[in-house]
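Reading the structure
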Amino acid sequence: MTIGKEITMARNFYIDNINDNDKLNEVSLLLNEMEEVSRIKIGKTGISFYCEDPENVQAVLNNHDENLVLKEEINSRKREFVAPEQKVEHIFMFTNLETEEEAKEIEEVISRYSAYENVSLDFTNKLLKVTTSQKNILVRLNRLVDKVNPKIDVEQWKKPFKSQDIFQQKYLNTMIRIAGLFVALALGLVTKDDPNFITNIAWLIALIIFNEKTLVQAYKDLKVKQFLSENITINLACLFGWAYGAYIEAIVVSLIYQVGERLLMRLINLTMEKIDDEINPIQLGRREIGENEYEMVSLEDFDIGDVIVVLPGETIPLGGKIASGESELDMFAINGSDILEPVKAGSEVQSGSVNVKDTLRIKILYTYDRSAMSRVLEIATMAPVGSSRTHRLVELISKIDTVLLVVAGILCATLVPILNFEANFKYIYLGAILITISGSFAYKQASSFAVLSGVAKAFSKNIVIKENSGLDALNLCRTVIYDRFDGVEVTEEEMELFAKLSKLHVGLIIFNDGPVDLENDQYRIYNNLTVDEKLEVMDKASIAGPVAYIGDNSKDIALLQKAYVGISRGGIKDKKVIENSDIMLMNSDLNTVIETFMISKKQKYITIENIFVGLFINVILMILAVLFIIPWWLALVIYLIEVVVVLFNTHRIIDMK
């Protein structure tokens, strides 16, 4: 898959320290509607995601809440994202700044840095003004000031406030809104039997107050040119509902939408928790604290020199030297070898290898951030995002469906009544329904969660998907080339694997470099070919369509590179193998090969099912709406149920055996 496909490089970003669940839900929905954002993962107090245009995301976040800070993860290190040339003025205050000499020295030290402009320190008021694009400036300033005098502290300057200001900000505005809402509702209800201009205005004010949050979000969406976001469409639908005279129903629809939005966010969190459970590796290790005593601690808390205890059957999480014990290690994940390696006291062992025989005490030589396990997790969670065929199909369907329904809704609510107002007035109501069900949320979730679920399920089976589109691309392959281990005789397990591969409705080619030539009329077998000869065979096979190649070590790199999907067995120690593999199998169980194809097919089928369900329900809703036999609020409820069905259907990927 490294040839013939365009890959969009995206980077990993996150927003943390969101302690308000409502705020977390708002930000999650905001990011979900942005096309440049993918692989959204929602935690308890933060959100991580991949992004192709961080400047635009930062602008959207600033419009939503200026306190939200976009951060970026690079080489396992986290730092605040700074958009190019995005400089703002900051004001800081000092405590324990007692002399003008110290003030001048601090001003001179800060002024030496090119990142800081317009540096001005007012000693009388103990205030510092500085213009910079750095987000972590407070931490940096404290470090610089410590060099002058460690007793001086720098704090962010805040505007003085009074108790009545707090009351007005927190309570008075809310009370005014509630009072305005009740007055508007009362006027609307009192005058409903004899409707007039006041009735219309009263219900419009009530609707605006009720929709305040979605109106604000819709305005922000317009500013970033997201013209068909669900915040915009639901407000447009409510406006048409008000124009039709369905005042109470418009408010009910708004209420259902806002409540449904929160419930869906809870369901999304549940889905992400299931995905996290699948992809989250073992994070704890047994740190020795005394003779035959140990405590379970985070791997990140281990220091060089600590002793970790690894029981038989467990993966060695941190590299080091064996202090005591004698065993055998399965090194498949490290170098692709299926031969067990004997080790004893004094032997150096690598993280990622599996302890097969007896308990080992290992003196740590490398911290977690340098471990193979950390590297594998980084590959699985920070890989570039590829634009797969299924993803492009989902995006196309969602855009077409949304545009058609919105255009049809606007025409029904505006143009059709103009042609004959009295006869066609009811079509305004139809327009409100069509616009309400125009959202593409279900389709986008069908794609994004199916991809994430497939990657997570694969990871739980010791299959590392280096690129998100790898599983989807595997479904396009018309030929599978299986390159056997060098110098190893064929086993019954391998013969069973050949039989299973041949039932995948794809062509099967076997490269045999074993000590004995293979012959079998059922399969296309090539014995003892050179790499160049294997490449020629792959070229011929590619005529029928994309080729998936399953290899095992560095001599196969040219084949891994040329294949549409390159699958390597182990080899995370070899950087070139990692760079040229799309999928990596991390254990020696041959069933893992078949499981890779099964997860790929399951992901594809679930995505197709979700698209079909979404389209089918929308068509049924359109028919019922056109026939005027379904109320507006019920159409929205059914649409929300559609999204729930799509999300729960995606769980089948995670739950597959």
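Residues numbered from 1 in each chain as written. Predicted model: local features only at pLDDT ≥ 70, side-chain atom pairs only at ≥ 80, totals over all residues. Heavy atoms only, no water.

With an unreviewed UniProt entry as reference, the chain is termed E1-E2 ATPase, source organism Thomasclavelia ramosa DSM 1402. If you open the UniProt record of the chain and go to Subcellular location (unreviewed entry), you find "Membrane". The Sequence similarities (unreviewed entry) field of the UniProt record for the chain holds the comment "Belongs to the cation transport ATPase (P-type) (TC 3.A.3) family. Type IB subfamily." (UniProt positions renumbered as here; feature names shortened; annotations may be inferred.)

A few words now on the overall build of the chain. Helix and strand counts for the chain come out as 23 helices and 27 strands. Out of the 657 residues in the chain, the part that is buried amounts to 49%. A fraction of 69% describes how many contacts in the chain between residues 6 or more apart in sequence connect residues 24 or more apart. Of the roughly 32400 Å² of accessible surface on the chain, a fraction of 56% belongs to carbon and sulfur atoms. (Helix = DSSP H or I, 4+ residues; strand = E, 2+ residues; numbered from the N terminus. Buried < 20%, exposed > 50% of the residue type's maximum accessible area, 1.4 Å probe, protein only. Contact = heavy atoms within 4.5 Å. Areas by Shrake-Rupley, 256 points an atom, 1.4 Å probe, with all protein chains shown as cover.)

The subject of this paragraph is the UniProt feature "transmembrane region" (unreviewed entry) in the chain. Mapped onto the present numbering, the UniProt feature "transmembrane region" (unreviewed entry) falls at residues 171–190, 197–219, 239–257, 402–421, 611–630 and 636–654. For residues 197–219, helix accounts for 96% and strand for 0%, while the C-alpha atoms at its two ends are 27 Å apart.

A word on the pairing of strand β7 (residues 88–95). Across 6 bridges, β7 lies against strand β9 (residues 127–132) in antiparallel orientation. Across the sheet, the residue bridging to His90 is Val130, located in β9. The sheet contact formed by β7 and strand β10 (residues 153–156) spans 4 bridges and is antiparallel. Counted as the bridge partner of Met93 is Glu155 from β10. (Pairing = 2+ DSSP bridges.)

Pairing is mixed in the open sheet, where 7 strands are placed in the order β21-β27-β26-β25-β22-β23-β24. The open sheet has two edge strands with one neighbour each: β21 (463–465) and β24 (524–527). Direction aside, neighbouring strands of the sheet carry axes that sit 15° apart on average. As judged from the 3 bridges shared by β21 and strand β27 (residues 583–585), these two strands associate in the antiparallel manner. Along β27, the bridge assignment pairs Val464 with Met584. (Axes fitted to C-alpha atoms, helices over the stretch in contact; angles between N-to-C directions.)

Attention now goes to the environment of Val626. Residue placement: Val626 occurs in helix α22 (residues 591–626). By relative accessible area, Val626 is classed as partly exposed at 47%. Considered as a pair, Val626 and Tyr429 are 197 residues apart in the sequence and their alpha carbons are 9.9 Å apart.

Across the chain, the average pLDDT comes to 81, with 86% of residues at or above 70. No element of the chain has a lower mean pLDDT than strand β1 (residues 7–8), at 36, and none a higher one than helix α15 (residues 427–436), at 95. Considering only residues more than four positions removed or in separate chains, one finds that residues 1–9, a stretch of pLDDT under 50, has 27 contacts. (pLDDT = per-residue confidence, 0-100.)

Counting residues in each nonpolar core, the largest one holds 112 residues, and the members touching the most others are Ile15, Leu31, Phe49, Val57, Leu501 and Val565. Summarising the domain contributions, this core has at least three residues from each of domain 1 (11–80) and domain 4 (476–586). Ignoring sequence-local partners within four residues, the contact set of Leu31 consists of Ile15, Val37, Ile40, Ile47, Phe49 and Val57. Core analysis: the second largest hydrophobic core is formed by 19 residues, Leu97, Ala103, Ile106 and Val145 among them. (Core = buried A, V, L, I, M, F, W, Y, C linked by side-chain atoms within 4.5 Å. Domains from an automatic or database assignment.)

Of note, Thr479 is situated in strand β22 (residues 479–483). Leaving out residues up to four positions away in the same chain, Thr479 has contacts with Val506, Gly507, Ile509, Ala541, Pro546, Val547 and Ala548.

This brings us to the packing of helix α7 (residues 212–223) against helix α8 (residues 230–244). Between α7 and α8, whose axes approach to 8 Å, the crossing angle comes to 125°. By the angle class used here, α7 and α8 are oblique. In terms of crossing hand, the pair formed by α7 and α8 is left-handed. Contacts from Thr214, Leu215, Gln217, Ala218, Asp221 and Leu222 of α7 reach α8 at Asn231, Ile232 and Asn235. A per-class count over the contact of α7 with α8 returns 4 nonpolar, 4 polar and 1 charged. (Parallel < 35°, antiparallel > 145°, perpendicular 65-115°, else oblique. Left-handed = near helix turned anticlockwise from the far one by under 90°. Nonpolar A, V, L, I, M, F, W, Y, C, P; charged D, E, K, R; others polar.)

Moving on, we get to a nonpolar patch on the surface. Together, Leu222, Phe227, Leu228, Val403, Val407, Leu411, Leu415 and Leu419 make up an exposed nonpolar region whose accessible area comes to about 730 Å². Elements that contribute at least two residues to the nonpolar patch include exactly α12 (389–413) and α13 (415–419). In terms of residue count, α12 provides more of the nonpolar patch than any other element does, 3 residues in total. By secondary structure assignment, the location of Leu411 is in helix α12. (Patch = residues over 30% accessible without salt bridge, like charges linked within 9 Å, V, L, I, M, F, W, Y side chains within 5 Å. Salt bridge = Lys/Arg side-chain N within 4 Å of Asp/Glu carboxyl O.)

Further remarks concern a negative patch on the surface. On the surface, Glu492, Glu493, Glu496 and Asp589 cluster together to form a negatively charged patch. The topology assignment puts Glu492 in helix α18 (residues 492–502). (Lys, Arg positive; Asp, Glu negative; His and termini not counted. Charge placed at Lys NZ, Arg CZ, Asp CG, Glu CD.)

Before going further, it helps to spend a moment on unusual backbone geometry. Here the phi dihedral of Lys126 falls at roughly 60°; this positive angle occurs in a residue that is not glycine. Mapping Lys126 onto the fold places it in the loop between β8 (117–122) and β9. For Lys126, a relative accessible area of 24% corresponds to the partly exposed category. Notably, His505 is not glycine yet its phi reads approximately 65°, a positive angle. In this fold, His505 is placed in the loop between α18 and β23 (507–512).

Considering the arrangement of structural elements, one finds Gly454 in helix α16 (residues 441–460). Assessed through its relative accessible area of 0%, Gly454 is described here as buried. Along the chain, Gly454 and Leu471 lie 17 residues apart, while their C-alpha atoms are 7.5 Å from each other. Leave out the neighbours within four places in its chain, and Gly454 touches Leu471, Ile599, Gln603 and Ile653.

If you trace the 3 strands from one edge of the open sheet to the other, you get β16-β15-β18, paired in antiparallel fashion. Since the sheet does not close on itself, it has two edges, and those belong to β16 (341–343) and β18 (354–355), each with one partner. Relative to β18, strand β15 (residues 327–330) runs antiparallel, the two sharing 2 bridges. If you follow Leu329 over to β18, its bridge partner there is Asn355.

Below, the discussion takes up the pattern of salt bridges. Scanning all chains against the criterion turns up 11 salt bridges. Between Glu295 and Arg287 there is a salt bridge, and its shortest N-O distance comes to 3.1 Å. Linking Arg484 and Glu494 is a salt bridge whose minimum nitrogen-to-oxygen distance equals 2.8 Å. Here Arg484, found in the loop between β22 and α18, pairs with Glu494, found in helix α18; they are 10 residues apart in sequence, far enough to count as distant. On the basis of relative accessible area, Glu494 is assigned to the buried category, the value being 5%. Through salt bridges that share partners, Arg287, Glu295 and Asp306 make up one connected network.

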